[in-house]
Amino acid sequence: MDTSQAVAIDAPDVRELRRIARENATWLIAGVALRADEAESRAVNGSLAIDPSGEIVAVHCKQRLFAYGDEHRHYTPGTASTTLTIGGARLGLFICYELRFPEVFAPVAARVDAMVVIANWPTSRLDHWDVLLRARAIENQCYVIGVNRTGVANGLEYSGGSAAFDPWGDRMTASTANGTRLVALDVERAATVRSQYPFLKDRCV
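In this text, all values refer to a predicted model and were calculated from it rather than measured experimentally.

What about helix α3 (residues 126-140)?
Part 1 of the reasoning: Taking 1.5 Å per residue, 15 residues should reach 21 Å; α3 reaches 21 Å between its end C-alpha atoms and fits that length.
Part 2 of the reasoning: Every buried residue of α3 is accounted for by Leu126, Trp129, Leu132, Leu133, Arg136, Ala137 and Asn140. The arc enclosing the buried residues of α3, seen along the axis, measures out at 135°, which places them on a common side. Projecting away from the buried face of α3 at angles above 90 degrees are the exposed residues Asp127 and Val131.
Part 3 of the reasoning: Packed against the buried residues of α3 are α2 (102-105), β6 (114-119), β7 (143-148), β9 (156-159), β10 (163-165) and α4 (187-196).

Written as structure tokens, this is what we have:
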């Protein structure tokens, strides 16, 4: 997990992501290893939220680094969770390994309707991915959407497994349009679950 692929926020790679969002008039959330300039030896593992005009409106920096893969030797951890609003839905942004740490999610739970987790989660641990996504949905009483990669890298296989769970922890069924899997969020659903079962009020954070 070195920083050889890390880029600046205005790098061609990031400009291309902004172009895709702009030309398709859609929101885009993407993972990018970022550093301030070429002289920087360390980077941050970032999640960018790009609006339909191509503007970067939020950058989340991964707070829990994957020491098992030496990520902590090359990257600087973030210090806070990140939230934004898309189409009336309040979202929290998270990255991969953070999914194992409920204390990272808890501080923003009451302020969001959904949490989005982008990841490089290998096939060998895919059962954990599924269980943890559902657990985060249940304990935070909100939607949790996990988007996982596919392919092979560094000897590891990635078989996808992207999934979404509603505020009660039920798996959501995705529809497909033009090869894209879609789930519909109802922000009132989270509000209803929290009103009927106000568990978040008893949380100490």
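A short note on the pairing of strand β8 (residues 150-153)
Part 1 of the reasoning: The pairing of β8 with β9 spans four bridges and is classified as antiparallel. Bridge pairing links valine 152 to glutamate 157 in β9.
Part 2 of the reasoning: Taken together, β8 and the strand that follows it, β9, pair antiparallel across an intervening segment of two residues, in which asparagine 154 is found at a positive phi of about 50°.

Some details on the packing of aromatic side chains
Part 1 of the reasoning: Across all of its chains, the model carries seven aromatic pairs by this definition.
Part 2 of the reasoning: A centroid spacing of 4.9 Å and a plane angle of 70° characterise the contact between phenylalanine 66 and tyrosine 97, whose relative ring orientation is edge-to-face. Here the residue phenylalanine 66 occupies a position in the loop between β3 (56-61) and β4 (82-86), and tyrosine 97 occupies one in the loop between β5 (89-95) and α2, the gap between them amounting to 31 residues.
Part 3 of the reasoning: A residue is classified by how much of its surface remains accessible, and phenylalanine 66, at 16% relative accessible area, is buried.
Part 4 of the reasoning: Ring geometry for tyrosine 97 and phenylalanine 101: centres 5.1 Å apart, planes at 80°, overall edge-to-face.
Part 5 of the reasoning: Through successive ring pairs, a cluster of aromatic residues spans Phe66, Tyr68, Tyr97 and Phe101.
Part 6 of the reasoning: Lying across the ring of phenylalanine 101, arginine 64 places its NZ or CZ 5.7 Å from the centre.
Part 7 of the reasoning: The lysine or arginine in question, arginine 149, covers the ring of tyrosine 158, its NZ or CZ lying 4.3 Å from the ring centre.

Structural notes on the pairing of β4
For a regular strand, side chains alternate in direction, first toward one face of the sheet and then toward the other.
Part 1 of the reasoning: Alternating residues of β4 divide into Thr82, Leu84 and Ile86, all buried, and Thr83 and Thr85, none buried.
Part 2 of the reasoning: Note: β4 against β5, five bridges, orientation antiparallel. For threonine 83, the partnering residue across the bridge sits in β5 and is glycine 92.

As for the nonpolar core
The nonpolar side chains of a soluble globular protein tend to be buried, and buried together.
Part 1 of the reasoning: With 24 residues, the main nonpolar core has Leu99, Met115, Val117, Trp121, Trp129 and Leu133 as its most contacted residues.
Part 2 of the reasoning: Elements with a contribution of two residues or more to this core: β5, α2, β6, α3 and β10.
Part 3 of the reasoning: Looking at which element gives the most residues to this core, the answer is α3, with five residues.
Part 4 of the reasoning: In this structure leucine 99 touches Phe105, Val117, Trp121, Trp129, Leu132, Leu133 and Arg136, once residues within four positions along its chain are discounted.
Part 5 of the reasoning: Judged by nonpolar contacts, the second largest core, of 13 residues, contains Leu93, Ala114, Ile145 and Ala164.

Here's the deal with the sheet that holds β7
Whether parallel or antiparallel, the strands of a sheet pair through hydrogen bonds between backbone atoms.
Part 1 of the reasoning: If you walk across this open sheet you meet the five strands as β4-β5-β6-β7-β10, and the pairing is mixed. Bordering the open sheet on either side are β4 and β10, each of which pairs with just one other strand. Each neighbouring strand pair of the sheet contributes to a mean axis angle of 20°, computed without reference to strand direction.
Part 2 of the reasoning: Against the sheet, α3 engages β6, β7 and β10, with an angle of about 155° to β7.

Re the sheet that holds strand β1 (residues 28-34)
Part 1 of the reasoning: Pairing is antiparallel in the open sheet, where three strands are placed in the order β1-β2-β3. Each having just a single partner strand, β1 and β3 make up the two edges of the open sheet. The average undirected angle you get between the axes of adjacent strands in this sheet is 25°.
Part 2 of the reasoning: Two elements, β1 and strand β2 (residues 44-50), share seven bridges in a ladder whose sense is antiparallel. Following the sheet pairing, isoleucine 29 is matched in β2 by alanine 49.
Part 3 of the reasoning: Running over the sheet, helix α1 (residues 12-23) touches β1, β2 and β3 and is turned about 175° from β1.

Rules behind the numbers
Residues numbered from 1 in each chain as written. Predicted model: local features only at pLDDT ≥ 70, side-chain atom pairs only at ≥ 80, totals over all residues. Heavy atoms only, no water. Helix = DSSP H or I, 4+ residues; strand = E, 2+ residues; numbered from the N terminus. Expected span 1.5 Å × (residues − 1). Buried < 20%, exposed > 50% of the residue type's maximum accessible area, 1.4 Å probe, protein only. Arc of directions from axis to C-beta. Contact = heavy atoms within 4.5 Å. Pairing = 2+ DSSP bridges. Phe/Tyr/Trp six-rings, centres within 6.5 Å; stacked < 30°, edge-to-face > 60°. Lys NZ or Arg CZ within 6 Å of the ring centre and 35° of its normal. Core = buried A, V, L, I, M, F, W, Y, C linked by side-chain atoms within 4.5 Å. Axes fitted to C-alpha atoms, helices over the stretch in contact; angles between N-to-C directions.

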